Amino acid sequence: MELKISNALGHSIPDDLFGLFFEDINYAADGGLYAEMLENRGFEFVDVYGEHYDYYTVDAPEYGWSVVNGGRMMFVTGSPVSEVNPHYLRFFADKPGQGFKNKAYAGIYMKAGLPYKVSFWARAAKYWTGDVKVAVMKDGVEITSKVVELIHEERGVWQKWNRYELELTADADVKAGDFSIFLTEAGEVEFDFISMMPGDAVGGVFRKDLFEALKELKPGFIRFPGGCIIEGNTLANRYQWKKSVGRIEDRRSNWNRWAIHEGEAYNQHTPFSHYNQTLGMGYYEYFLLCDLLGAKPLPVLNVGLACQYQSLELIEPEDPMFNEFIQDALDLIEFANGDATTKWGALRASMGHSEPFNLTMMGIGNEQWETPKSRFFERYMAFEKAIHEKYPEMRLIGSAGPDVISDHWTAAWDFINKQAAVNPSAAYAVDEHYYMPPVWFTEHADFYDEYPRDVKVFSGEYAAHPARGTAPGRHHNTTVGALSEAAFLTGVEKNSDVVVLSSYAPLFARKDFTQWAPDMIWFDSESVDRTPSYYVQKMYSCNTATDTIPMDGQEKTFREKNVFISVTYDRNADHRIIKVVNMNDEEFPLTLTIDGVGCGACETCAMAPASVTMEQMTAVDETHAKVETSKVPFTDSFKLPAKSFTIITL
Ligand code: AHR
């Protein structure tokens, strides 16, 4: 079938169209991108119980820790390192060599030769001369260790907390090892904030292989920190950015909303009931991640509503406490952009970033929708007024609710369009979420063709779900699902004068620690598994262009043949980029007729480029895909394999 490519340019394409949505779900932060290897390092975890309208937590400072060779652990409060995190471990050894170890998610993984940085706070409570040995053990055998000399005050003098640091290195790779600490003598020692980080953590914070996987995607922006975790099951465990910055020891550990995931299989008390957030990866680190990846930050704020799926808890807009939520938004802008003479700018500078983080856009509410009780629209307007009074340039993003097929979505657009008619900057964009079957994505490649153009769209959470629901399992990441996302994205790119930001969701899943699937990247302690959806995202975000080339309705004829096309032009490289998804079970022949490119002998005909670059994703099996890149001599005829996504650059 022939595709005619004209020389006319359409609209320009935003350079941050393809970005990332990061939420601490599926152990994406603690146990994931945050490189901390130990679990419950500060003895502050809680065990979470509850359902819809009734949540409660039980202190579980012992979670993840157990004794080795005898001795006794007590989890106490009294004189903590930080009042914000009051629990700590008091270890009683009645003879030398007794100690304790950490679960470390699925155990300690060490790469041969790489130094690992260990730190901990200790107080030699009743321990007059002994030291401690820090070791990684495997099946009771010591792999690597260091003895740390503890600081002892004289007997009868108050023993102080001191922070200790050391490095451990293993000669060979270690899998599922035990991080352990032993006392060299009998006595009582207190410990807190015990940490082990790989020496190659990017910025000292991010797990290198996961960071690299994100870097390869060249994201234009990052939406963070959620997702439902910004709302919380109750307002008590909502994400509060101010509690996530400053000294690590002073960041209040918080239970994770994904410790409880509503549904038949997950209710009341789940296998992930100890899913907590240390906030070691807090707002400063999120901004840092954006900085390191060259992505624009897009934080999303709580508007006084707990997760509308999980809870009815809220703060009424009339309640004076509601102003605190607005103040948090204003202060966040100061934290990101203010100079060191401002209160929050000074905190950012003291944490190591004197330059601003260039915050230009914010999400007001996550996945909120209007009800007589939630009054989301009123909340949005209160935030908008306060933020734009002080920061008129800030781009604010509203919410269309949890889908694009219900009355919530229509109501949200009606509201926003009315506001925009009076005040065009009331909303820069509306955040739309859709988790739908693959066929929905192919059938809706034209979804944005007729959208009004005034207020922009942030396609903030989407993924093809081959099965209903969100039951975990890597097998839900199918190649066909990913191809349907690629097909849909041809429509997003074509309509990028209205869809200005887009991000797949969720981003990460730790194998065996997963509440929701499909996900873009799966991982365990030692490896990273890039799904077909990952490759689709990468192919789009690494083949961006500056302008669309209108297809003048040809795309509709192709769609009828189950083939999806986007044609763009990149001024920087002087390239045409043609993205084609063949959803058919057979090969599809495509011929390009490019205006003004041909023999090179006549006045209107330029010489065809010498070569064409092809990047092609095809299935390896139902859930895995491969991407191959080749450069071939110029041709205008292509045979697109069955179930494939091809990018032709010429
Ligand atoms: O991406 C998973 C969840 O889906 C997000 O937390 C929420 O915004 C949506 O319901």
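Residues numbered from 1 in each chain as written. Predicted model: local features only at pLDDT ≥ 70, side-chain atom pairs only at ≥ 80, totals over all residues. Heavy atoms only, no water.

### A short note on unusual backbone geometry
Note the following rule: By the criteria applied, helices consist of DSSP H or I runs no shorter than four residues and strands consist of E runs no shorter than two, each listed in order from the N terminus. Per-residue accessibility, obtained with a 1.4 Å probe over protein chains only, is compared with the maximum for each type, and a residue is labelled buried under 20%, exposed over 50%, and partly exposed between these values.
The amide bond that connects F224 to the next residue, P225, takes the cis arrangement and shows omega of -5°. When you line up the elements, P225 lands in the loop between β16 (221-224) and β17 (254-255). Here the bond from A517 into P518 is cis, since omega is 0°, no more than 30 degrees from zero. With respect to the element layout, P518 can be found in the loop between β25 (508-510) and β26 (521-523). Despite not being glycine, N26 shows a phi value in the positive range, around 60°. With respect to the element layout, N26 can be found in the loop between β2 (20-21) and β3 (46-51). Given a relative accessible area of 0%, N26 falls into the buried group. Despite not being glycine, Y27 has its phi angle at roughly 60°, a positive value. Mapping Y27 onto the fold places it in the loop between β2 and β3. Take Y27: its relative accessible area is 5%, and that puts it in the buried class.

### Quick look at the state of the cysteines
Threshold: Disulfides are defined as pairs of cysteine sulfur atoms found within 2.5 Å of each other.
One pass over the structure, following the stated rule, counts 0 disulfides. Counting only cysteine sulfurs, C307 is the nearest neighbor of C228, a cysteine outside any disulfide, at a range of 3.7 Å. No disulfide involves C542; its sulfur sits 17 Å from the nearest other cysteine sulfur, which is in C290.

### Some thoughts on the sheet that holds strand β30 (residues 575-582)
Defined as follows: A pair of strands is labelled paired if DSSP reports no fewer than 2 bridges between them. Contacts between residues were defined by any pair of non-hydrogen atoms, one from each residue, lying within 4.5 Å. Axis definition: a line fitted to C-alpha atoms, over the contacting stretch in the case of helices. Angles run 0 to 180 degrees between N-to-C directions.
As summarised here, the arrangement of the 6 strands in space is β28-β29-β30-β37-β34-β35, forming an open sheet in which the pairing is antiparallel. This sheet does not close on itself; its edge strands, each paired only once, are β28 (547-548) and β35 (624-633). Pairing between β30 and strand β37 (residues 644-649): 6 bridges, direction antiparallel. Opposite I577, over in β37, you have T649 as the bridge partner. Sitting on the sheet, helix α9 (residues 532-541) touches β30, β34 (611-621), β35 and β37, and the angle it makes with β34 is about 165°.

### Regarding the sheet that holds β26
Spatial strand order, β25-β26-β27: 3 strands in an open sheet with mixed pairing. Looking at the sheet topology across the chains shown, the edges are occupied by β25 and β27 (528-530). Adjacent strand axes in the sheet meet at a mean angle of 25°, parallel and antiparallel pairs treated alike. The pairing of β26 with β27 spans 3 bridges and is classified as antiparallel. From the neighbouring strand, W522 faces β27, where its bridge partner is D529. Against the sheet, helix α1 (residues 208-216) contacts β25, β26 and β27, and its axis sits at roughly 20° relative to β27.

### Details of helix α6 (residues 407-422)
Keep this limit in mind: Here the expected span of a helix is defined as 1.5 Å times the quantity of residues minus one. The directions considered for the arc are those from the helix axis to the C-beta atoms.
With 16 residues, α6 extends 23 Å from end C-alpha to end C-alpha; this agrees with the ideal 22 Å at 1.5 Å per step. Considered for burial, the residues of α6 that qualify are W409, A412, W413, F415, I416 and A420. Mapping the buried residues of α6 onto a view down its axis gives an arc of 165°, with all of them on the same face. Looking at α6, the residues exposed on the side facing more than 90 degrees away from the buried face are D407, K418, A421 and V422. Contacts made by the buried residues of α6 are with α5 (376-390), β21 (395-399), β22 (429-436) and β23 (456-464).

As far as function goes, none of this settles anything; it's purely spatial.
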